[in-house]
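If you want the building blocks of each chain, they are given just below.
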Amino acid sequence: INTLSQFPKLRVIARSTAFRYKGQNVDPQQVGRDLGVRAVLTGTVAQLGDTLSVQADLVDVERGSQLWGQRYNRRPSDIFAVQEQLAQEISDQLRLKLTGEERQRLAKRYTENTEAYEYYIQGRYHWDRRTPDALQKAIEYFERAIHKDPTYALAYAGLADSYNVLPIYTRVRPAEASQKARAAAEKALSIDDSLAEAHNSLGYLFLRTIQDWEAAGREFRRALELNPGYATAHHWYAVYLAATGRYDEALAEIRRAQGVDPLSLSINRAVGRILYMARRYDQAIEQYRKTLEMDPNSSAAHTWLGTAWIQKGQYSRAVTELQKALQLSAEDPLAEGLLGHAHARAGQKSEALRILNALRERSKREYVSAYALAALY
């Protein structure tokens, strides 16, 4: 996935969507049709003593026929060689005409330490989940990877991404997290300036915390130039475009992210958020409902669905959604502030003031977003 997604001639489904099928008894043709792809790679990995056994099969979705299949028996320390060979075999079978630079990418290794690599993969798995506990685990795994290989640029980029989104899902102050995010992103780029993930991390930092629009756009475009199939780069670039008022471009970009990673909750929520920012409230409501079908326990989807109902003047519906968000997110101050906002819009001033006073008291003990208080005022 990491290697093949870099090639502009291929649309490769992202890890977070592909891994939804792990451990299931699935029909490759049905998976291919569900995801809108022409070929599906299936396989197994098993370790027996000192032997790593990898079986891989490439299936043509339209015909249901096997394009190629191979079994590899190697030592665990040879896992990188197996991955390189797999990527090469697949590119050959798909008849990709690769440039010299693209062939170099096929053989590029970001670390020689297998333990560091395993920690990195586990870190990305937890980062994709986007819950407070999962993000803390992601940070731990990325730090373990760095401890095993201090020159592992991808691990620093993963660490930067974790700190970038940490204030959204936890009570960590943005200023505190942004310092750590910037240090990790810049360290990654000092090791490998051609790393798309690190440019994307820095772009997000410029967007959300520093608010240097020109620098943010430059970093996102560089990330997409280096890895056109990187879903998170399309996602965050879409957020940037929406933040600068370019809604049609933002929607086109977030649809590209969705095409690469259709089952990502964060990307599906972002589709709804961008529709909301473009004031397409009915479409935003429809998108948030689809997201909640994927995960009924997504507190963020309930929160932003509630805000869309506020804009439609459906205050009782808004209150219901925001109360669900609070039940799921351990009294998230943002959801609580928006709940107060819904009460205020409905003319329930005493309830809104009660929530406002409670949030002001909480802000003396912990971080409360100024946005929540501003919405209430």
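For the structure given in this document, a descriptive report is provided here. (Residues numbered from 1 in each chain as written. Predicted model: local features only at pLDDT ≥ 70, side-chain atom pairs only at ≥ 80, totals over all residues. Heavy atoms only, no water.)

## What to know about the sheet that holds strand 1 (residues 39-48)
Note the following rule: Strands pair, by our definition, only if DSSP identifies at least two bridges between them. Numbering of helices and strands runs from the N terminus, with a helix taken as a DSSP run of H or I at least four residues long and a strand as a DSSP run of E at least two residues long. Every axis in this analysis is a line fitted to C-alpha atoms, fitted for helices over the stretch in contact. Angles between the N-to-C directions lie between 0 and 180 degrees. Two residues qualify as a contact provided that any one of their heavy atoms is within 4.5 Å of a heavy atom in the partner residue.
Sheet architecture is open: three strands sit in the order 1-2-3, paired in antiparallel fashion. This sheet does not close on itself; its edge strands, each paired only once, are strand 1 and strand 3 (66-74). Direction aside, the axes of adjacent strands within the sheet are offset by 10° on average. Where strand 1 and strand 2 (residues 51-60) come together, ten bridges link them in antiparallel fashion. When the bridges of strand 2 are listed, G43 appears paired with A56. Against the sheet, helix 3 (residues 79-93) makes contact with strand 1, strand 2 and strand 3, and its axis sits at roughly 165° relative to strand 3, the strand it touches most.

## A look at the packing of aromatic side chains
Put simply, the test is: Only Phe, Tyr and Trp rings are paired, with Trp represented by its six-membered ring, and only when their centres lie within 6.5 Å; those with planes under 30 degrees apart are stacked, over 60 edge-to-face, the remainder tilted. Burial classes follow relative accessibility: with a 1.4 Å probe on protein chains only, a residue under 20% of its type's maximum area counts as buried, one over 50% as exposed, and anything between as partly exposed. Criterion for a charge above a ring: Lys NZ or Arg CZ within 6 Å of the ring centre, and within 35 degrees of the ring normal.
According to the stated counting rule, one finds ten aromatic pairs in the structure shown. Aromatic side chains F220 and Y237 sit 6.2 Å apart centroid to centroid with 50° between the ring planes, which places their arrangement in the tilted category. Linking F220 in helix 10 (residues 213-226) with Y237 in helix 11 (residues 231-243), this pair joins segments that are 17 residues apart in sequence. Across this residue pair, the class does not change: F220 and Y237 are buried. An aromatic cluster is built from Y120, F142 and Y152, whose rings are joined through pairwise contacts. It is R124 that lies over the ring of W127; its NZ or CZ is 5.0 Å from the centre. Geometry around W304 places R273 over its ring, the cationic atom sitting 3.6 Å from the centre.

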